[in-house]
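Given next are the chains, with one letter for each unit.
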Amino acid sequence: MIDSKVLCAGLLASLALLQPAQAGPLKQFEKAAATPAPSRSSDRSHQRSSPDAGDSVLGALMRPFMEEIGAALGYCFVCSGERSLVYALGEEDRSAAMLESCGFEGKSLERRKHGDILIPFARADAGYQAVQEGVSAVDVRAEAGYALLAVSVRRTSYWQRKSDETMSTTALVPEYRMLFGGAVEADLGFGPFFLDGAAHHAGTILTLPILIHPAKHLGLEFRPAWANLEGGPPIADYGLNVVLRAGYVALYGGYRWLRSGGVALDGPVGGLSAYW
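Structure report, in brief. Please read these numbers as outputs of a predicted model, since none were measured by experiment.

1. Quick look at the nonpolar core
Core analysis: the largest hydrophobic core is formed by 21 residues, its most contacted members being F29, Y158, M167, F193, I205, I235 and L265. Those elements that provide at least two residues to this core are α2 (25-34), β2 (135-146), β4 (166-180), β5 (184-196) and β8 (218-229). If you tally residues by element for this core, the top one is α2, at four residues. If we ignore the near neighbours within four places in the chain, the residues touching M167 are L26, F29, E30, T156, S157, Y158, L195, D196, G197 and L265. With 10 residues, the next largest nonpolar core counts I117, I119, Y252 and Y275 among its residues.

2. Focus: the pattern of salt bridges
A side chain with one charge can pair with a side chain of the opposite charge if their charged atoms come near. As enumerated under the stated definition, the model contains 11 salt bridges in all. Across the salt bridge formed by D125 and R141, the nearest N and O atoms sit 3.5 Å from each other. A residue pair is termed long-range when its members are at least 10 positions apart, and D125 in strand β1 (residues 122-131) and R141 in strand β2 qualify at 16 residues. Residue E143 is joined to R141 by a salt bridge in which the shortest nitrogen-to-oxygen separation is 3.0 Å. The buried category is assigned to E143, whose relative accessible area is 6%. A relative accessible area of 7% places R141 in the buried class.

3. Looking at the packing of aromatic side chains
Tallied over the full model, the rule gives six aromatic pairs. Judged by centre distance (4.3 Å) and plane angle (20°), the rings of F77 and Y176 are stacked. Within this pair, whereas F77 is found in helix α3 (residues 53-89), its partner Y176 is found in strand β4, the two being separated by 99 residues in sequence. Overall, Y176 belongs to the buried group, its relative accessible area being 16%. Between Y255 and W257, the aromatic rings sit 4.9 Å apart at their centres with planes inclined by 50°, giving tilted as the arrangement. Accessibility expressed as a relative area gives 29% for W257, which makes it partly exposed.

4. A short note on α2
For the α-helix, the turn length of 3.6 residues means that residues three or four positions removed from each other point alike. Most of α2 is tucked away, with seven of its 10 residues classed as buried. Among the residues making up α2, those that are buried are P25, L26, F29, E30, A32, A33 and A34.

Thresholds, definitions, all that
Residues numbered from 1 in each chain as written. Predicted model: local features only at pLDDT ≥ 70, side-chain atom pairs only at ≥ 80, totals over all residues. Heavy atoms only, no water. Core = buried A, V, L, I, M, F, W, Y, C linked by side-chain atoms within 4.5 Å. Buried < 20%, exposed > 50% of the residue type's maximum accessible area, 1.4 Å probe, protein only. Helix = DSSP H or I, 4+ residues; strand = E, 2+ residues; numbered from the N terminus. Contact = heavy atoms within 4.5 Å. Salt bridge = Lys/Arg side-chain N within 4 Å of Asp/Glu carboxyl O. Phe/Tyr/Trp six-rings, centres within 6.5 Å; stacked < 30°, edge-to-face > 60°.

Written out as structure tokens, the structure reads:
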């Protein structure tokens, strides 16, 4: 007769083979980010066919304020880009009218030196991230530009150490670089975004990195970005790093949050930067 223990073990092994393998964190993230959101009912469009009198009055009262806010933002957008040009080229290469309109007349803005981390001609970053649930990542970013215009490419490769799951994200972003004072840089970028895992997915990404370097050897960099894939839920990517600089290189360490559809790939990061 067959031993009952052997028979029981065989049945359990057979059941385990029949059960589908549970998706790991990388497959879960890919599925969450690439699954189109359900379409909303169009009933809301019929709830209010025309604005009421209260909306009209409120709109009339708010319009002057919104126009002033829009003009202020436009001024800030143009003149912060102009400051990047002055920083890269020097005041002698800019028109007196532009310098006066943006408040540079009578003030000196030291021209950029090779090795300054703000508004770089070229920069490369390479780092490692320890994500939860046994996932690791290598993050590589390269940037090249002149004054207020630049292009960056960033690729992050994820893998789960105890399985064959892998995933990568790639962003190619033209950027408008703005300088505030001599210690703060904010960039606005928009471009294509790709996620590769079990399948290839394409979308777009909006970036708004903010770099704060008030001291010679110490800085803080916050890199928020928002992406979408094929109508799926938004992908939120936030990185916050402390930067220690020396010459043309820097060490950075901090934390990165990557989330979409309730799935998170978060963890501490550390790496090396070089710039010119």
